[in-house]
Amino acid sequence: MNEPKKLFVKSFGCQMNVYDSRRMADTMAPRGYVETAAADDADLVILNTCHIREKAAEKVYSELGRVRRLKETAASEGRRLVVAVAGCVAQAEGEEIIRRAPSVDLVFGPQSYHRLPELLARAARGEKPVDTEFPLDDKFDHLAAPTPSAIRTRGVSAFVTVQEGCDKFCTFCVVPYTRGAEVSRPANKIIAEVERLAAAGVREITLIGQNVNAYHGAGTNGRSWSLARLLERVSDIEGIERLRYTTSHPRDMDDELIAAHRDLPKLMPQLHLPVQSGSDRILAAMNRRHTRADYLDVVARLRAARPDLALTSDFIVGFPGESEADFAETLNLLDAIGFCGAFSFKYSPRPGTPGAELADQIDDEMKSERLQRLQTAIDRGQQAFNRSCLGRTFDVLFEKPGRHAGQLVGRSPYLQPVQATAPSSMIGEIATVTITEVASNSLFGALAHAPVREPALLAAGA
Ligand code: SF4
């Protein structure tokens, strides 16, 4: 029997890249590849890149410098290391990657990774294939499903891509260019994928998409389904105890989806809803297609539907033309909403986006100063939220061993990590935990009473 080949995938950026990396590994598994955590003994290294952050391409080239040295070491030992660049930087840079980094054997974009076996075969023949098309065929139809043992290795909480691409064209964002137009997967394929995950022990599903609440896939009744309808159907799948979805756009938060927060007990009371700025002037310049008042209104309706809902968000500071008064509006929005956490970034121009062409770019020193003030305010809100959890009792989904022997770590309904003393047989279970200590962003708790479910398939190793 042939020795299995080793595959190392390094994933950068968002949850969708994590999901895509896993599907690449699933696709290579029937072809004799096993995943390795060490790049230096791999036969195939894939960098699954992200284009969202500043100098993304330059970071990939510097990572490729390290991979080139691994390739040289492998060659000196008589091994061939194949190097692939995937994801959004691959989509944006294409041939340029091979030109600047000749050690790269193949390049493919986010819509082409189902063609990985074919691209590898071409690379083995000495070609340097570059595939950055947006093919008409559905890549998901060509991807191998994960095996039950691969699912169990990945844990009790899983992402499932339901939608890709974006039609919103915010002026700072590359996604509409790198991931293409909005496309939704048909509901029956999503349901089949979730059923497979549930059968292998997964308890929590996060439906993901660049603009997930714009979901409008073909339903099982032949009609187009909304995200709310999809969530309702997925919540009926036996074994799935928790549901989440991300990332949403405020404009696509319709009445039906807001009602789902009231009507679906499995839908967790935490929502990531990016706003980016609190200033209408800047929101308009960002082409966000919503105002500050729209955002406040959506949040009020969500909280009316689900009073215990906690919100997180994304912010960009220093967008071109942002004045001190605009920034004050952002700080003020933070207070008005009371977020339990947020991601915040300095604006940095992305080549090819309209924002990069705007006059009135803000100097870096001012961006840094505003970012620091914003992050201080975000931290204050997060810590206040965490402190408010002290003494409360939550259902916690235990995911893995904790920091200390005899401890497990799980997630509260609000996605906070919770450490508690519990036997490892409880991994995959949802147990009631009373929060006894709050330290920075971690919660510590004690089991309130016996587990609420039978030991999960995952813990039993079935
Ligand atoms: S909605 Fe999100 S993904 Fe779409 S363009 Fe705006 S920031 Fe990018």
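Residues numbered from 1 in each chain as written. Predicted model: local features only at pLDDT ≥ 70, side-chain atom pairs only at ≥ 80, totals over all residues. Heavy atoms only, no water.

Caption draft 1: Main features of the packing of aromatic side chains. Taken as a whole and assessed by the stated rule, the structure comprises 6 aromatic pairs. Here Phe319 and Tyr347 contribute two aromatic rings whose centre-to-centre distance is 5.0 Å and whose plane-to-plane angle is 70 degrees, an arrangement assigned as edge-to-face. Remark: Tyr347 occurs in the loop between strand E14 (341-346) and helix H14 (354-357) and Phe319 occurs in the loop between strand E13 (310-317) and helix H13 (324-337); sequence separation between them is 28 residues. For the pair shown, Phe319 and Tyr347 are each scored as buried. Cluster of aromatic residues (ring-pair linked, three or more members): Tyr295, Phe315 and Phe339. Positioned above the aromatic ring of Phe140 is the side chain of Arg185, whose terminal nitrogen or guanidinium carbon lies 3.9 Å from the ring centre. (Phe/Tyr/Trp six-rings, centres within 6.5 Å; stacked < 30°, edge-to-face > 60°. Helix = DSSP H or I, 4+ residues; strand = E, 2+ residues; numbered from the N terminus. Buried < 20%, exposed > 50% of the residue type's maximum accessible area, 1.4 Å probe, protein only. Lys NZ or Arg CZ within 6 Å of the ring centre and 35° of its normal.)

Caption draft 2: Helix H2 (residues 56-76), seen in detail. Taking 1.5 Å of rise per residue, 21 residues should cover 30 Å, and H2 covers 31 Å from first to last C-alpha, within 8% of that figure. Taken together, the buried positions of H2 are occupied by Ala56, Ala57, Val60, Tyr61, Glu63, Leu64, Gly65, Val67, Lys71 and Ala74. The secondary structure elements touched by the buried residues of H2 are strand E1 (5-11), strand E3 (44-49), strand E4 (82-86), helix H3 (87-93) and helix H4 (95-100). Looking one or two residues beyond H2, the residue adopting positive phi is Gly78, at roughly 80 degrees. (Expected span 1.5 Å × (residues − 1). Contact = heavy atoms within 4.5 Å.)

Caption draft 3: Quick look at the nonpolar core. Ranked by internal contacts, the top residues of the largest apolar core, which has 53 residues, are Ile205, Leu207, Leu227, Leu230, Leu231, Tyr245 and Met253. The leading source of residues in this core is helix H8 (residues 187-199), at 6 residues. Residues in contact with Ile205, not counting those within four places in the same chain, are Ala158, Val160, Val194, Leu197, Ile240, Arg242, Leu243 and Arg244. (Core = buried A, V, L, I, M, F, W, Y, C linked by side-chain atoms within 4.5 Å.)

Caption draft 4: Structural view of the pairing of E14. In terms of strand pairing, E13 meets E14 through 6 bridges, oriented parallel. Following the sheet pairing, Ser313 is matched in E14 by Ala342. Of the crossover connections in this fold, the one passing from E13 over H13 to the parallel E14 is right-handed. (Pairing = 2+ DSSP bridges. Right-handed = clockwise from strand over helix to strand, strands pointing away.)

Caption draft 5: Region of the structure containing the sheet that holds strand E2 (residues 33-35). Taken together, the 6 strands give an open sheet; going across it, the order is E2-E1-E3-E4-E5-E6, and neighbouring strands pair in parallel fashion. Two strands bound the open sheet, and with one partner strand each, they are E2 and strand E6 (130-131). Where E4 and strand E5 (residues 106-108) come together, 2 bridges link them in parallel fashion. Residue Val85 lies in a different strand from E5, and its bridge partner there is Val107.

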